[in-house]
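These are the residues of each chain, in order.
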2 protein chains.
Amino acid sequence: MTSFLIEDVPGYTPQIGRLVGMMKYVRATTLQAVRRMTQAQLDHVQDTESNSIGALLAHIAAVEVAYQVITFERRELNDEENARWGVALDLGEAARREIKAQPLEHYTRVLEEVRERTFREFENRVDDWLYEQSKWGPGMANNYFMWFHVFEDELSHRGQIRWLKKRALSHQ
Amino acid sequence: MTSFLIEDVPGYTPQIGRLVGMMKYVRATTLQAVRRMTQAQLDHVQDTESNSIGALLAHIAAVEVAYQVITFERRELNDEENARWGVALDLGEAARREIKAQPLEHYTRVLEEVRERTFREFENRVDDWLYEQSKWGPGMANNYFMWFHVFEDELSHRGQIRWLKKRALSHQ
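Residues numbered from 1 in each chain as written. Chains lettered and ligands numbered in written order. Predicted model: local features only at pLDDT ≥ 70, side-chain atom pairs only at ≥ 80, totals over all residues. Heavy atoms only, no water.

Draft legend 1. The arrangement of the overall build of chain A in detail. On a plain count of helices and strands, chain A comes out with eight helices and two strands. Traced from its N-terminal end to its C-terminal end, chain A shows the element sequence α-α-α-α-α-α-α-β-β-α. Taken against the 2.2 N^0.38 rule, which gives 16 Å for 172 residues, the C-alpha radius of gyration of chain A at 17 Å falls within 12% of a compact globule. Across its three principal axes, chain A shows a C-alpha extent of roughly 50 × 40 × 25 Å. In chain A, buried positions account for 56% of the 172 residues. The long-range share in chain A, meaning contacts at least 24 apart out of those at least 6 apart in sequence, stands at 74%. For chain A, the exposed surface amounts to about 7800 Å²; the carbon and sulfur share of it is 50%. Side chains of chain A give 22 positive and 26 negative charges; the mean places of these two sets differ by 6 Å. (Helix = DSSP H or I, 4+ residues; strand = E, 2+ residues; numbered from the N terminus. Rg over C-alpha atoms; globule rule 2.2 N^0.38 Å. Buried < 20%, exposed > 50% of the residue type's maximum accessible area, 1.4 Å probe, protein only. Contact = heavy atoms within 4.5 Å. Areas by Shrake-Rupley, 256 points an atom, 1.4 Å probe, with all protein chains shown as cover. Lys, Arg positive; Asp, Glu negative; His and termini not counted. Charge placed at Lys NZ, Arg CZ, Asp CG, Glu CD.)

Below, the structure written as structure tokens:
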């Protein structure tokens with residue numbers, strides 16, 4: 001069952017464990033929102049400006065990949081990674097064109113593979129790492145913030161997924 | 001400027017400070033999303049099932065009030081509180097009917113007043129308090145989780161607000 005306790009998590013240092021707890025809860029709610037959705041529902045585009053639920057799921061995985069590279073490797077995405085993840089990162093027109101015609105398992109498998117790497121890397125780090133800073137937008141962010149940002153972006157899109165889902169279900 | 005550092009915050013114990021940092025960032029992004037919105041835009045209802053942006057802002061404040069009562073006072077909302085906050089908590093039909101015709105300042109003032117109490121109470125508590133548990137849905141939640149839940153719900157609705165905002169602006 002999903003835990004409603006944010007606390008120490010075995011295998012992680014205390015602060016990283018709390019982050020892991022929040023990330024796991026967020027992911028459980030994202031997966032709950034898309035449970036049993038059909039390919040047609042995942043591809044539903046509400047209007048000409050809207051992202052499909054499938055594209056939002058791909059985006060959630062892509063954002064996590066981007067922050068893996070930024071925080072674990074201290075670099076930007078390279079060309080190969082941009083070719084793989086750029087469309088999902090940017091959403092919009094290209095995503096509407098390219099991210100479609102896949103079953104739910106396609107998206108959840110990618111989410112899972114990406115998440116596995118995150119947690120494996122977290123296991124090998126200690127809390128002090130969370131407070132290392134690097135340039136972010138107009139200021140400096142620490143790694144704690146950047147991983148908070150990964151799940152806050154997921155939540156924002158989960159909210160959109162919930163909204164779109166009601167409409168996707170009633171359209172099919 | 002909004003901080004991109006999750007770390008100790010003066011006036012709060014370490015863990016509470018981290019929560020405060022996350023809550024402040026979330027709120028800054030919510031307020032950014034609605035900045036300069038007109039009454040008509042706040043009242044825009046996308047379709048018959050949709051909540052207005054104004055109602056979502058009222059909901060965000062109401063959820064925070066509910067968790068103040070639950071975590072600070074260890075009780076449920078009483079009748080008077082339900083009369084004041086119930087419609088915003090529940091959203092849907094009654095909220096579409098009753099929460100409207102207010103300028104942005106109405107919503108931001110309520111958000112601010114509610115938030116002031118939260119932070120005042122946080123100042124008087126220590127990290128151990130975050131790990132006190134109480135019944136929550138099908139299980140037990142600690143106070144850390146419940147305040148995480150307050151901002152994760154806000155983020156979910158902020159995602160919806162961003163989506164609705166694009167359409168509200170193009171409708172007026």
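Now that the structure has been shown, the text picks up again.
Draft legend 2. Inspection of unusual backbone geometry at higher detail. Positive phi, close to 55°, is recorded for arginine 74 of chain A, a residue that is not glycine. Here arginine 74 of chain A lies in the loop between helix H3 (53–72) and helix H4 (79–90). Given a relative accessible area of 39%, arginine 74 of chain A falls into the partly exposed group. The backbone of leucine 91 of chain B shows a phi angle near 55°, a positive value even though the residue is not glycine. With respect to the secondary-structure elements, leucine 91 of chain B resides in the loop between helix H4 (79–90) and helix H5 (92–98).

Draft legend 3. Representation of the environment of arginine 125 of chain B within the structure. In this fold, arginine 125 of chain B is placed in the loop between helix H6 (104–123) and helix H7 (127–130). Between the C-alpha atoms of arginine 125 of chain B and threonine 13 of chain B, which are 112 residues apart in sequence, the distance is 7.8 Å.

Draft legend 4. The relation of the copies chain B and chain A, seen in detail. Structural alignment of chain B on chain A gives an RMSD of 0.0 Å, achieved by rotating through 180° and translating 0.0 Å along the axis. Both copies of the chain, as the preceding transformation shows, are related through a two-fold rotation axis. When you check the interface residues of chain B against chain A, 100% turn up at the interface there too, and the contact is symmetric in its surfaces. (Least-squares fit on C-alpha atoms with pLDDT ≥ 70 in both.)

Draft legend 5. Layout of the nonpolar core. Ranked by size, the top nonpolar core spans 59 residues in total, and within it Phe122 and Phe151 of chain A together with Phe122 and Phe151 of chain B carry the most contacts. Not counting residues within four places of it along the chain, the set of residues in contact with phenylalanine 122 of chain B comprises Tyr12, Ile16, Val20, Met23, Phe72, Trp129 and Trp147 of chain B. Core analysis: the next-biggest nonpolar cluster, separate from the first, contains 54 residues, Ala33, Ala88 and Val114 of chain A together with Val114 of chain B among them. (Core = buried A, V, L, I, M, F, W, Y, C linked by side-chain atoms within 4.5 Å.)

Draft legend 6. Expanded view of the pairing of strand S2 (residues 139–142) of chain B. All names here are of chain B. As judged from the four bridges shared by strand S1 (residues 133–136) and S2, these two strands associate in the antiparallel manner. For serine 134, the partnering residue across the bridge sits in S2 and is alanine 141. In textbook terms, the turn of a hairpin is the stretch between consecutive antiparallel strands, and for S1 and S2 this stretch comprises two residues, one of which, glycine 137, has a positive phi near 55°. (Pairing = 2+ DSSP bridges.)

Draft legend 7. Representation of the packing of helix H1 (residues 14–34) of chain A against helix H6 (residues 104–123) of chain A within the structure. Residue and element names in this part refer to chain A. The contact between H1 and H6 brings their axes to 12 Å, and the two run at 175°. It follows from the interaxial angle that H1 and H6 lie roughly antiparallel. For the pair H1 and H6, the contacting residues are Ile16, Val20, Met23, Lys24, Arg27, Leu31 and Val34 in the first and Leu104, Thr108, Leu111, Arg115, Thr118, Phe119 and Phe122 in the second. Taken together, the residues of the contact of H1 with H6 sort by class into nine nonpolar, two polar and three charged. (Axes fitted to C-alpha atoms, helices over the stretch in contact; angles between N-to-C directions. Parallel < 35°, antiparallel > 145°, perpendicular 65-115°, else oblique. Nonpolar A, V, L, I, M, F, W, Y, C, P; charged D, E, K, R; others polar.)

Draft legend 8. The packing of aromatic side chains, seen in detail. Scanning the model with the defined rule gives 36 aromatic pairs over all chains in all. With a centroid separation of 5.7 Å and 80° between ring planes, the pair formed by tyrosine 25 of chain A and phenylalanine 148 of chain B is classed as edge-to-face. Placement of the pair is tyrosine 25 of chain A in helix H1 and phenylalanine 148 of chain B in helix H8 (residues 143–171), with the two residues belonging to separate chains. Like tyrosine 25 of chain A, the residue phenylalanine 148 of chain B is buried in the burial classification. (Phe/Tyr/Trp six-rings, centres within 6.5 Å; stacked < 30°, edge-to-face > 60°.)

Draft legend 9. A look at the interface of chain B and chain A. Facing 38 residues of chain B, the contacting portion of chain A comprises 38 residues. Carbon and sulfur atoms make up 60% of the surface buried where chain B meets chain A, a total of about 3400 Å² over both sides. The largest share of the area that chain B buries against chain A comes from Phe4, Ile6 and Trp163 of chain B, three residues that together contribute 19% of it. Where chain B touches chain A, the interface holds four salt bridges. Its salt-bridge partner being aspartate 47 of chain B, residue arginine 167 of chain A comes within 2.8 Å of it at the nearest N-O pair. Applying the counting criterion to the chain B and chain A interface returns 17 residue pairs in polar contact (both at pLDDT 80 or more). When contributions to the side of chain B that touches chain A are tallied by element, the ones reaching two or more residues are helix H1 (14–34), S1, S2 and H8 of chain B. Among the elements that make up the side of chain B that touches chain A, the one with the highest residue count is H8 of chain B (15 residues). (Buried area = accessible area lost by both parts, 1.4 Å probe. Salt bridge = Lys/Arg side-chain N within 4 Å of Asp/Glu carboxyl O. Polar contact = N/O pair within 3.5 Å; in protein donor to acceptor, adjacent residues only side chain to side chain.)

Draft legend 10. Examining H4 of chain A more closely. All names here are of chain A. Turning to H4, its buried residues are Glu81, Trp85, Gly86 and Ala88. By the N-cap criterion, in which a side-chain oxygen at the helix start approaches the backbone nitrogen of a residue two or three places on, H4 is capped by asparagine 78, the distance to glutamate 80 being 3.2 Å. Just beyond H4, the residue with positive phi is leucine 91, at close to 55°.

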